[in-house]
Structures are given as C-alpha cells and as structure tokens.
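Per-entry structural report
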Amino acid sequence: LDPDQEYDLQVIVDKFFVKKDIDKQVLASLEHAMLVGEGFMRFDVQFPEDAEVDAIGQLEGFGCPKHGIIMAELGPHHFTFNEPTGACVTCSGLGTYLQVHPNLLVPDKTRSIADGAFVHQAFNYDPDRWDGRTMFSLAAHYGFDLDTPFADLPEEVVDVLYHGTHGEEFPIRQPEGARPVEKRHLGRKIRFDGIITRIDRHYRRYRKQGEAHSGMEEYLRKVMVERTCPDCNGAKLKRQRLLVTIDGQTIHKVGELHFEELRDFLLAITGIPEKQREAGHRVINELVTRINLLLGIGLDYLNLNRRSATLSGGESQRIRLSTQIGSGLMGMLYVLDEPSIGLHPKDNAKMIETLRKLRDIGNTVIVVEHDESTIRAADHIIELGPGPGIHGGKVVVQGELETILDSTESLTGLYLSGRREIPLPKQRRSLNGKFLSIIGARENNLRSIDVDIPVGVFICITGASGSGKSTLVNEILYKRLHSIYHDSRTLYGAHDELEGHENVSDVISIDQSPIGRSARSNPATYIKFYDNIRKLFASTPLSLSRGYTASRFSFNVKGGRCEECHGEGTITTQLHFMPDVEVVCPTCKGARYNEDTLDVTYNGKNISEILNMSIEEGVDFFADQRLINHKLSVLNQLGMGYLQIGHPATILSGGEAQRVKLASELGKLKRGKHNLYILDEPTTGLHIADVQKLLDSLNRLVDSGHTVLVIEHHLDVIKTADYVIDLGPEGGHKGGEVLAHGTPEEIAAVKASFTGQFLKEYLI
Ligand SMILES: [Zn+2]
Ligand SMILES: [Zn+2]
Ligand SMILES: [Zn+2]
C-alpha cells in the first residue's frame, strides 16, 4: 500500500449460516467486527430463494437496515480528541497540521538555486550528488537556469520545484564539470516529486511513527507553519464522530460557541426523547449552572474549544476560581495574587463581586493586590512596608478602609485618600502628523479594522479583556515590524497593509519573560555593566601582581569561579519523580568564586559582596564610576533599588524582569533614533507610588524621540497618555472594533466606550 494514498477498505470478519446454538459464535464475531471497524460494522444477509424479503425487521439503536450498517453504542470517549477512539487520525486530535510555507523554504528570493535559495536542510545544490544531478536535469528539461534569482523564475517552474513534475518523466544528464554520472544512470528517465511534497511526506511519516529523528523537528519548524488540519478542519475528531449532532450542531460547533451563546443553545435544546428527558434536563441544568459561574466573572468571550495553553494567567486563575465557587465549599481560605491583572475595570467589578460571594458563603479570602477598587472593597486591609526590600518587612497599618485612609504612615492611604495622586500632565504632547497605519487588521476577532498609531508620543491601547488588544499590538504591529527590521521569516497576524514603518527605526518589545534562564544571569549581566565591575577588580594592585584579568571575575568561565557549583552558588540535584532539590554549594558557601579570587577587594569589598549588594547601596558605592553609577541609578529610579546587583534572573518576578529590560533601554538612550517600545501591562505588581516612577521612565523615552505604546487597564496610566485607542465594546466576538481614539478627554466623551466611562472620574 502507498502511504500517501487513501483507501476504502472492508474486512470480512466472519460468515455463518443461521441455525440453532450459534449465538456465542455470532456474539464473538460481532465484537471482533466492531473492534476492526472502530465502532462500525456492516452485514449482508443472503436468503434462500423462497424466503420473504423483509425478514430483517427493525434495528434497535444506531443502525441502518437499508445499508446494513450498525454503529456501536456511543460513549463519551468517542467524542474526546484525547482518546484514539475519537481523535482525527491525520492530526492525532491536535486539529492542526504543519505545512511547508514557501516563504520559509526560500527565505531570500534574490538568491538562485545554485546559490542556495532553499533552506539548506531542504535542498542543497551539489552537482556531484544525486539530488544535484536531478536538479540539473530538471532545469535542462524545463529550460530554466540554476543561476537565475528565485524571484525571477516563471510560476510553472516554481510549481515543479515545489510540487513536482506531476508524473512527467525526464532524462538524467551530466552536469558540466561535475563528477561523471555512472553509465547505467545516464539518460535514465525519472520523475521529480517536488521539494514541498518531499517535506510533507517526511512529516507525515514522522508524525505517524513518532520516530526520533535527530534535528528533524528543528528542521521542520524552520520551514513549516501550523495550519488547520485538512482532514477534520480543526474539529480534532474522526469524521464519523461529526455525523452526530444535537439540534443540528456537532460537538465541535458547540465548542465554538461563546459561553453566553452556549448557555442559550443548551436552554433551547428540544426533542429529547420522552424516556431520557429527565436525565437530559439534569445534565443541561448542571452545565448551565457552571457556565453561569464563568459568565459571572467576565469570561463570556471564551469558548470550550479554547486551548488552555493559550489562556492568560488571569483567565486561568478566574476559571479555577469559578470551580471553587461552584463547589460551594465553606470554611476555606483562598489566597489570590493580583487577580486584577488583565482585567478591564468593568470586568474587575465582576471579579470583586465573585470574591464577595466566596466570603458570603463562609470563606476567608486573602488578596495580594495593588488595584484601588479591590483595596476599597476589602473588609480588612494589611499594609506591609514601609519601603521595598530591606526597607520593608513591617506591618505599617492594618484595619478597615477608614483606618488606612486616616493613617499618616501609609503610602497606600496617602494615595487612596487623595492626599497624593498621580497628576494629570500639564500639557499633552501634540501629534506630529506621522503615523503607523495598520489597514484591514482581521486576525482573531479583529473586524478588518484600520488603526492609525501616532509616532513620537505616549499611547495607551485599552479595552475589555479579550477585545483584541494583544492581537492588534503583539500579533500584527510588533510581528510585522519585527519581520521588517529583524527577521523576514516572522509570520504576523492577518492584515492588508502596514503603512508608515519608515517613521520608526526599530521595534522593541519590553515584555515580562525572564532575562535569563540560569542563576548566572542577573541585572548586572543583562544591562552589561558587570563587565565594567570585573575590569575594576582586574585593575586593583593585588590583581595586577597576581596577573588576574577581568575573566578571572566571571562566573561563566573557568579560572576564578567555584568549580564545584560552576559559579551558580547553589547545586541542583535532580531526583526521579520529585521536584529538584537545591542546596547552597558546600565549597564556596554560596560565594560563587574560589578563595583566591575572593582575596581581591575593591574599596574593601570582594566580588561576591558586590553581587550581594543592593542596587541602592551600589549607587553610592560606585559614585565615582560614571558608567556603573549611571546604570545603577536608572534601576534605582525605576524603584528597583531593593534588588541585589547579582539578583539571580531565575527568581525575578515577571514585572521585575520587565523593569530591568526597561532600565537597560533607558541606560543606552541615544538621540536620533525613533524606536517603538511596546509594553503589555507594565503596572503588573506595582504599587501606585511606583507607577509614578514607571510613568516618569516611559516619558523619558518619549522625550528622547521614541514612541511608547502600552496595553493597559490602569486608569491612572491611561489618563496620562497623549493618545488612547480603545477597542471593544466587549471581549471575543463582541469586540474587535475601534470604539474611540484620541486624547483621554476625547475617549471619556464617547458614551459607547466602557473605558471612557470609567476614565471620566480620573480626569477631574
Ligand atoms: Zn443507510
Ligand atoms: Zn485532523
Ligand atoms: Zn560553589
């Protein structure tokens, strides 16, 4: 059998004469047949000449007497794509399939085939080898030149190269100047399958057998992109499972419905047979109750087909919360860390309602939160502080809201009572007439919208959770610009055109991903002033007399570092079936360097003590070292003075990592460049006092000629923006439109904008 062909196969499992005492044999055959047919079987009855023809009678359950087909009783496992009984065979239930993307296969179309136009793993032109000879002969047969830039090849030729000769044969020829072709091959007629066809076949075999092929996956990822599975169209299930419908809808279609539509669908189901009506309604009621919980916390835009890996942290947290409320447990203690992240003020109000409900049924809810409306809603507030890091660790004040508001020591109270506030800018920057214009944005739920983003100002993208902000900013704007400035192979979200990219010189995303994967990465190495500190140590008299260079003070290379822990200060032991165990290195006791290295001191401190020094302390310690002092000051001004200079990247929070990256950008500000900086919710984890510091930093970037664009729900940030673009009106299929754009005052004047309505109070 050809693995690339589809066949219609029927297997004869058994034949028997109908007579007495064969029931056991028949039963065994039926079971066997159902197994072979994966839940389907077919029967054929032959009657004696004189029998009456309608002798088969009625078939109970799922069957068709006319075609003689019986289907096994359906169970829930037939409808789950995690089980082989339900999963689509082509995509193994993933719903997606990798397909070769021509742009990835031929990344640089100005190159010719002989000059390596194809990604080299896919095809490498070498006339001494079989593949090269085939290509040479193909070119001779179809009359194209291997030295022609790929972009100039005729369409028909490209089709042959990609998809083959479609059965046409051509003779093998001798490439000029290459090793002679063996006599028996010369002139032999062959076909060519095409390079894309070949990769597709590799992939299918790879997928089917799951065989470990070194480098295969990496190579595939290089030239292939994820597409909807052609067999199940993304439904993930075997085609026969999709023949089963409820009120005309397959299980996949039902999974596409947003939770609100799903509830309406379930409540409208008709035609449940009398016998099952009671059981059916019980199932429906159970489902509707759970969906109502999800709707209650602002998740109406999600659906059941949404992959959990694509949910944001806040969305996952809220789903878990809804299951807790659904359980109706009492006497529990719930702890939540910043549940307001990613929530529009409108949805945040629902979240607070949910937390109150948990309390009211007899639970205790503890929330770590900076969000003002959540703090105001609390029954009891505990403020820790007064400052960050070594300046904190005490209870500053606790009690009801009134106590906090009246407290003279509480920073939170200072802001909540309005005695201190983030001021409105005295004057907003005016637009310079230059824009980045996205035309026809239609990825995900975006409704073919045109968006003009002014450059040289501070912009906020706002809108309800799920309204399409991230899609517009990250999937389209960032990735498109990235493809222009960095990697043309970047695949961006669907849109018609991006105009005005010449108005910015680069795009930089300052996100919350870690600044490094090991304890050897830290703020000093990331911002690159650790090199200067090492040089300082190498220039001390002791280093000079011992011949130590700067690399002696690196923990990335052998020499000065502790070899027991390779400069990490800790040793990680991996245990089977248990979490890794980390212990302080017994040799260096966490100092990360060997004793000889630690002999060297600069102003009385050795290199290990410098790494443990707080950034704030470092500003003074390195006061006479201009560059180091400057970089440390930037970190300090961003409110990160409490971090250690050598704070391991592995224990920085997402928000801290983001601010280290921001500091890195601020530390290398140069005039004359017009970068676009993109930040997604930079206020995450920030006290309102630190939000002011963040805003100061962002405005410094703008004042140096850059454009700063943030996705943000924090109204104190939005109110200070020069320009706001509000998407909505709601999430998912109810979003995807530009509701309003302009200054915060202009947004507040738009009745249809939820953001505008909340913003009003902040503009007084
Ligand atoms: Zn039929
Ligand atoms: Zn499929
Ligand atoms: Zn060590």
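Definitions and cut-offs
Residues numbered from 1 in each chain as written. Chains lettered and ligands numbered in written order. Predicted model: local features only at pLDDT ≥ 70, side-chain atom pairs only at ≥ 80, totals over all residues. Heavy atoms only, no water. Helix = DSSP H or I, 4+ residues; strand = E, 2+ residues; numbered from the N terminus. Buried < 20%, exposed > 50% of the residue type's maximum accessible area, 1.4 Å probe, protein only. Areas by Shrake-Rupley, 256 points an atom, 1.4 Å probe, with all protein chains shown as cover. Lys, Arg positive; Asp, Glu negative; His and termini not counted. Charge placed at Lys NZ, Arg CZ, Asp CG, Glu CD. Pairing = 2+ DSSP bridges. Contact = heavy atoms within 4.5 Å. Axes fitted to C-alpha atoms, helices over the stretch in contact; angles between N-to-C directions. Donors = N, O, S within 2.8 Å, 3.2 Å for Na, K, Ca; no water. Tetrahedral: all angles 85-135°; square planar, octahedral: opposite > 155°, others 65-115°. Domains from an automatic or database assignment. Core = buried A, V, L, I, M, F, W, Y, C linked by side-chain atoms within 4.5 Å. Expected span 1.5 Å × (residues − 1). Arc of directions from axis to C-beta. Salt bridge = Lys/Arg side-chain N within 4 Å of Asp/Glu carboxyl O. Phe/Tyr/Trp six-rings, centres within 6.5 Å; stacked < 30°, edge-to-face > 60°. Parallel < 35°, antiparallel > 145°, perpendicular 65-115°, else oblique. Nonpolar A, V, L, I, M, F, W, Y, C, P; charged D, E, K, R; others polar.

Let us now look at the overall build of the protein chain. Looking only at helices and strands, one finds 27 helices and 24 strands in the protein chain. Each of the 764 residues in the protein chain was classed as buried or not, and the buried ones make up 44%. For the protein chain, the computed accessible surface area is about 41,400 Å², with 51% contributed by carbon and sulfur atoms. Separation of charge centres in the protein chain, based on 85 positive and 105 negative side chains, amounts to 4 Å.

Overall, antiparallel pairing links the 3 strands, which are arranged 1-3-2 in an open sheet. Unpaired on one side and paired on the other, strand 1 (40–42) and strand 2 (63–64) mark the two borders of the sheet. Two strands pair when backbone bridges link them, and strand 1 and strand 3 (residues 69–71) are joined in this way by 3 bridges, in the antiparallel orientation. Counted as the bridge partner of Phe 40 is Met 71 from strand 3. Contacts from helix 1 (residues 23–36) reach strand 1 and strand 3 within the one sheet, and its direction differs from that of strand 1 by about 120°.

Looking at the zinc ion (ligand 3), one finds its protein donor set to be Cys 562 (SG), Cys 565 (SG), Cys 585 (SG) and Cys 588 (SG), positioned 2.3 Å from the metal centre. Around the zinc ion (ligand 3), the 4 donor atoms sit at angles spanning 105 to 113°, and that spread fits a shape best called tetrahedral. Counting along the primary sequence, the residues that act as donors to the zinc ion (ligand 3) give the motif C-x2-C-x19-C-x2-C. Of this pair, Cys 565 sits in the loop between helix 18 (541–546) and strand 17 (570–573) while Cys 588 sits in the loop between strand 18 (581–584) and helix 19 (595–599); the two residues are 23 residues apart in sequence, bridging distant segments of the chain.

A few words on the domain arrangement of the protein chain. Parsing the protein chain into structural domains produces domain 1 (23–73), domain 2 (96–228), domain 3 (313–416), domain 4 (438–513 + 672–763) and domain 5 (523–651). Relative placement of domain 3 and domain 5: their C-alpha centres are 37 Å apart.

Right, let's talk about the nonpolar core for a bit. With 73 residues, the main nonpolar core has Phe 458, Phe 529, Ile 533, Phe 622, Ile 645 and Val 708 as its most contacted residues. Of all the elements, helix 24 (residues 688–703) adds the most residues to this core, at 8 residues. Here this core gathers at least three residues from each of two domains, domain 4 (438–513 + 672–763) and domain 5 (523–651). Residues contacting Val 708, with those up to four places away along its chain left out, are Val 457, Phe 458, Ile 459, Tyr 677, Leu 679, Leu 698, Leu 701 and Val 702. Grouped together as the second largest cluster of nonpolar side chains are 44 residues, Tyr 97, Phe 118, Ala 139 and Ile 190 included.

The terminal C-alpha atoms of helix 10 (residues 313–327) lie 22 Å apart, and with 15 residues this matches the ideal 21 Å at 1.5 Å per residue to within 8%. When helix 10 is considered as a whole, its buried residues turn out to be Gly 314, Glu 315, Gln 317, Arg 318, Leu 321, Ser 322 and Ile 325. The arc that holds every buried residue of helix 10, seen down its axis, measures 155°, which confines them to one face. Helix 10 presents Gly 313 and Arg 320 as exposed residues on the side facing more than 90 degrees away from its buried surface. Tucked into the core, helix 10 has its buried residues touching helix 9 (277–296), strand 8 (333–337) and helix 11 (345–360).

A few words on the pattern of salt bridges. As enumerated under the stated definition, the model contains 32 salt bridges in all. Residue Asp 193 is joined to Arg 201 by a salt bridge in which the shortest nitrogen-to-oxygen separation is 3.3 Å. A salt bridge links Glu 745 to Arg 428; its shortest N-O distance comes to 3.0 Å. With Glu 745 in helix 26 (residues 744–748) and Arg 428 in the loop between helix 14 (411–416) and strand 12 (435–441), this residue pair connects regions lying 317 residues apart in the sequence. For Arg 428, a relative accessible area of 17% puts it in the buried group. Each of Lys 346, Asp 347 and Glu 730 takes part in salt bridges that share partners, so that together they form one network.

In this section: the packing of aromatic side chains. By convention here, two paired aromatic rings are described through the distance between centres and the angle between planes. All chains considered together, the criterion is met by 12 aromatic pairs. Aromatic pair Tyr 602 and Phe 622: ring centres 6.2 Å apart, planes at 15°, arrangement stacked. Taken as a pair, Tyr 602 in strand 19 (residues 601–602) and Phe 622 in the loop between helix 21 (615–621) and helix 22 (626–640) lie far apart in primary sequence, 20 residues in all. The burial state of Tyr 602 is the same as that of Phe 622; both residues are buried. Grouping aromatic residues by their ring pairs yields a cluster made of Phe 537, Tyr 548, Phe 553, Tyr 602, Phe 621 and Phe 622.

With that settled, consider the side chain of Thr 134. Looking at the secondary structure, you find Thr 134 in helix 3 (residues 130–142). When residues no more than four places from it in sequence are discounted, the contact partners of Thr 134 are Phe 170, Ile 190 and Phe 192.

The next subject is the sheet that holds strand 21 (residues 675–680). Judged by pairing direction, the sheet is mixed, and its 6 strands sit side by side in the order 16-21-22-14-23-24 without closing on themselves. Unpaired on one side and paired on the other, strand 16 (506–509) and strand 24 (737–742) mark the two borders of the sheet. If you compare each strand with its neighbour and ignore which way they point, the axes differ by 20° on average.

What follows deals with unusual backbone geometry. Here Gly 385 and Pro 386 are connected by a cis peptide whose omega angle stands at 5°. Along the polypeptide, Pro 386 turns up in the loop between strand 10 (381–385) and strand 11 (394–399). Residue Pro 729 is reached from Gly 728 by a cis peptide bond, and omega for that bond is 5°. Mapped onto the secondary structure, Pro 729 falls in the loop between strand 23 (723–728) and strand 24. A positive phi angle is found at Asn 444, which is not glycine, with a value near 50°. According to the relative accessible area criterion, Asn 444 is exposed, its value standing at 62%. Within the chain, Lys 589 stands out as a residue other than glycine whose phi angle is a positive 55°.

Running from N to C, helix 22 and helix 24 cross one another at 135°; their axes reach a closest spacing of 8 Å. Here helix 24 runs oblique to helix 22, going by the angle between their axes. Contacts between helix 22 and helix 24 involve Gln 637, Leu 638 and Gly 639 from the former and Asp 690, Lys 693, Leu 694, Ser 697 and Arg 700 from the latter. Grouping the amino acids of the contact of helix 22 with helix 24 by side-chain chemistry returns 2 nonpolar, 3 polar and 3 charged.

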